[in-house]
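Secondary and tertiary structure notes
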Amino acid sequence: IAIELGLVVPPIRIRDNMQLGPNAYVIKIKGIEVGRGDLLPGHYLAMESGAVSKRVAGIETREPAFGLPALWITEEKRDEAELAGYTVVDSPSIIATHLTEIIRGNAAELLGRQDVKRLLDELKEEHAALVEEVVPELLTVGEVQRVLQNLLREGVPIRDLVTILETLGDYARATKDQVFLTEKVREALARQISKQYTGDDGYIPVVTMDPALEQEIADALQETERGLAIALPPERVEAFYDGLSRTLERAAAAGHQAVLLCSPMIRPAVRRLVARVLPRLSVISYNEVAPNAQVQSVGMVRLDGHAG
């Protein structure tokens, strides 16, 4: 996680809880449950990772990290399941995967002010002038923290702190608006974001929106206490969700894990809108596609809600 996101994970405590079932585990953040699962000792978890040539007998369950259908199988069935095309994992791997996904999904909450102060102090050893120019001259530690949290909330790594602070230094003199600053930082990290979503074939698979739909959303933008929001009638929002879901499903059926590509002006509001129903969907703007990145359109969401 530290290498992938640039976030140093706080210590993880393991406690025995007699109130849980004998095979159950719970993952908590700040004392609040954020995930749970069950393990079957002496068994392996078999998941369908693609085309399975033959069904294997086992106890039906769900993989805890992603909620995918799976089977508990015995040691004797392991080789048979792997030959049939299942992905087979042991109990420690199940917990490790679940914990990693929980950390990824809650990275923004895990990044505290003290953590940001520590990151800035480490950066200061080699880039003292940069850090001193931005903190506290232009922004407080808390304001930098909120920008970093905005990035982590959408899965954007914060490893490149030099670029992040340089961008904040360029724009924070004019505005302290967290959404605006975050968008400018994302644009500065275009090469990193593009690489993040580039598939093995060298292309970024994207779903776009019909220009008329983009314009309708742009016309419906309203400033609220929490930033820009889209004030569309409920039936139009439902049509958008429906069209987007079906377009993504069609792309997934063709083997593409697509991201939603839209104009920079509406990106933050569109991301907030889709996060309610598709929290794992990444939304990027045209300004976040690096000049040398190759984009492949795998679908379009049209104004009438039909998938294209």
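Preceding this paragraph is the structure being described.
Here's what I pulled together on the structure shown here.

Cut-off values and rules
Residues numbered from 1 in each chain as written. Predicted model: local features only at pLDDT ≥ 70, side-chain atom pairs only at ≥ 80, totals over all residues. Heavy atoms only, no water. Axes fitted to C-alpha atoms, helices over the stretch in contact; angles between N-to-C directions. Helix = DSSP H or I, 4+ residues; strand = E, 2+ residues; numbered from the N terminus. Parallel < 35°, antiparallel > 145°, perpendicular 65-115°, else oblique. Contact = heavy atoms within 4.5 Å. Nonpolar A, V, L, I, M, F, W, Y, C, P; charged D, E, K, R; others polar. Buried < 20%, exposed > 50% of the residue type's maximum accessible area, 1.4 Å probe, protein only. Polar contact = N/O pair within 3.5 Å; in protein donor to acceptor, adjacent residues only side chain to side chain. Core = buried A, V, L, I, M, F, W, Y, C linked by side-chain atoms within 4.5 Å. Pairing = 2+ DSSP bridges. Salt bridge = Lys/Arg side-chain N within 4 Å of Asp/Glu carboxyl O.

This part is about the packing of helix H5 (residues 113-124) against helix H8 (residues 161-171). Describing two packed helices takes the angle between their axes plus the distance from one axis to the other. Contact geometry of H5 with H8 gives a least axis separation of 11 Å together with a crossing angle of 95°. What the angle tells us is that H5 and H8 run roughly perpendicular. Judged by residue contacts, Leu-119, Leu-120 and Leu-123 of H5 engage Leu-161, Val-162 and Leu-165 from H8. Among the residues making up the contact of H5 with H8, the classes are represented as 6 nonpolar, no polar and no charged.

Structurally, Gln-192 can be placed in helix H10 (residues 190-197). Look at Gln-192 and you get buried, because its relative accessible area is 16%. In terms of polar contacts, Gln-192 uses its side chain to reach the backbone carbonyl oxygen of Pro-157, at 3.1 Å.

A few words on the nonpolar core. In this structure, Leu-148, Ile-164, Leu-165 and Leu-168 are the most contacted members of the largest nonpolar core, which totals 51 residues. Considering each element in turn, this core owes the most residues, 6 residues, to helix H7 (residues 141-153). If we skip the residues at most four places from it in the chain, Leu-168 touches Val-134, Leu-139, Val-144, Val-147, Leu-181 and Val-185. Ranked by size, the runner-up nonpolar core spans 27 residues in total, among them Met-209, Ile-230, Val-237 and Val-283.

Strands in a sheet are paired, the pairing made by backbone hydrogen bonds, and the direction either parallel or antiparallel. Strand order in the open sheet formed by 4 strands is S11-S10-S7-S12, and the pairing between neighbours is parallel. In the strand order of this sheet, the two ends are held by strand S11 (283-285) and strand S12 (294-301), each with one partner. Direction aside, the axes of adjacent strands within the sheet are offset by 40° on average. Direction of pairing for strand S7 (residues 203-209) relative to strand S10 (residues 259-262): parallel, over a ladder of 2 bridges. Bridging across to S10, Val-207 finds its partner in Leu-260. Of the strands in this sheet, S7, S10 and S12 are in contact with helix H12 (residues 234-253), which crosses S12 at around 130°. Helix H13 (residues 267-275) rests against S7, S10 and S11 of the sheet, and its axis sits at about 170° to S11.

It is worth spelling out the pairing of strand S8 (residues 221-224) at this point. By the bridge criterion, 4 bridges tie S8 to strand S9 (residues 227-230) in an arrangement that is antiparallel. Residue pairing in the sheet places Gln-222 in a bridge with Ala-229 of S9. The turn linking S8 back onto S9 is made up of 2 residues.

Moving on to the pairing of strand S5 (residues 69-74). Both strand S3 (residues 43-48) and S5 contribute to a ladder of 5 bridges, which runs antiparallel. Its bridge partner lying in S5, Ala-46 is registered against Leu-71. The antiparallel hairpin formed by strand S4 (residues 59-62) and S5 contains 6 residues in its connecting segment, where Gly-67 sits at a positive phi of about 75°.

With that settled, consider the pattern of salt bridges. Applying the stated criterion across every chain yields a total of 22 salt bridges. Close ionic contact of Glu-137 with Arg-173 constitutes a salt bridge, the shortest N to O distance being 3.8 Å. Of the two residues, Glu-137 sits in the loop between helix H6 (128-134) and H7 while Arg-173 sits in the loop between H8 and helix H9 (178-188), which places them 36 residues apart along the sequence. Judged on exposure class, the residue Glu-137 and its partner Arg-173 are both exposed. Among the salt bridges present, the one from Lys-184 reaches Glu-187, with a minimum N-O distance of 3.6 Å. Of this pair, Lys-184 and Glu-187 both sit in helix H9, separated by 3 residues, roughly a single helical turn. You can call Lys-184 partly exposed: its relative accessible area is 22%. Look at the salt bridges and you will find they share partners, linking Glu-154, Glu-183, Arg-186, Arg-267, Arg-271 and Glu-288 into a network.

Such coordinate-based values are descriptive only and should not be taken to indicate function.
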